[in-house]
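Residue-level structural notes
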Amino acid sequence: MSKHEISLQVNGRPVEAVVEPNMSLLELLRTQAGASEVKLGCGEGVCGTCTVLLAGEPVNSCLVFAVQAEGHEVTTVRGLAGEGEELHPLQRSFLEHAGSQCGFCTPGMLLTAKWYLDGHPAAGREELRAALAGNLCRCTGYTKILDAVEAYRDLEVTHVD
Ligand code: FES
Ligand code: FES
């Protein structure tokens with residue numbers, strides 16, 4: 001199988017990689033881009049654990065080929081807060097509202113919630129629940145996750161006012 005050279009950006013950092021045509025973006029991120037924060041759950045597009053933003057849109061990175069990321073920006077959960085130790089306010093809200101237990105689903109939850117609220121800043125609880133329907137959590141029962149996302153939404157609204 002012929003390999004492909006690709007270039008992309010991961011959280012603003014240039015990454016050059018040589019990949020098999022059937023390598024997933026998830027595998028590329030974990031093995032060649034140092035992005036072990038992107039988690040492998042089901043590996044078949046069901047759980048949302050592997051969610052990253054590709055060119056600003058959430059994707060299940062286990063279902064996207066690495067070559068499809070050529071020339072694009074990929075954002076993982078590490079890219080949410082930017083440089084330094086400071087947490088993003090949404091991460092802080094998860095912490096304060098116990099929105100994370102084992103933490104395995106959390107990177108995908110955070111990225112999906114942030115992406116959705118950026119486009120729908122006044123989304124209600126049921127809209128948020130629907131937006132996060134593709135991200136499965138085996139620990140929290142979702143209540144605490146939704147509490148955390150709503151608290152962040154309210155913080156942002158207050159901030160804008
Ligand atoms: S690991 Fe990608 S959707 Fe489950
Ligand atoms: S916190 Fe464990 S899977 Fe969600």
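Now for a quick tour of the structure. The model shown is predicted, which means the values in this text are computed figures rather than measured ones.

1. A look at the environment of A131
Topologically, A131 is positioned in helix 4 (residues 125-131). Expressed as a C-alpha distance, the spacing of A131 and M109, which sit 22 residues apart in the sequence, is 9.9 Å.

2. Examining the side chain of T51
The residue T51 is located in strand 3 (residues 51-54) in this model. A polar atom in the side chain of T51 sits 2.5 Å from the backbone oxygen of G48.

3. Let's talk about helix 3 (residues 106-119)
Helix length check: helix 3 (14 residues) gives 20 Å between terminal C-alpha atoms against 20 Å at 1.5 Å per residue, within 8%. Within helix 3, eleven of the 14 residues are buried, which leaves the element mostly enclosed by the surrounding structure. Within the sequence span of helix 3, burial applies to T106, P107, G108, M109, L110, L111, T112, A113, K114, Y116 and L117.

4. Focus on the pairing of strand 4 (residues 57-60)
Where strand 3 lies against strand 4, four bridges are found, and the strand directions are antiparallel. Note on strand 4: the bridge partner recorded for L54 is E57. Counted between consecutive antiparallel strands, the loop separating strand 3 from strand 4 contains two residues, among which A55 sits at a positive phi close to 50°.

Thresholds applied
- Residues numbered from 1 in each chain as written.
- Chains lettered and ligands numbered in written order.
- Predicted model: local features only at pLDDT ≥ 70, side-chain atom pairs only at ≥ 80, totals over all residues.
- Heavy atoms only, no water.
- Helix = DSSP H or I, 4+ residues; strand = E, 2+ residues; numbered from the N terminus.
- Polar contact = N/O pair within 3.5 Å; in protein donor to acceptor, adjacent residues only side chain to side chain.
- Expected span 1.5 Å × (residues − 1).
- Buried < 20%, exposed > 50% of the residue type's maximum accessible area, 1.4 Å probe, protein only.
- Pairing = 2+ DSSP bridges.

In short, the description is geometric, and any link to function would need to be established separately.
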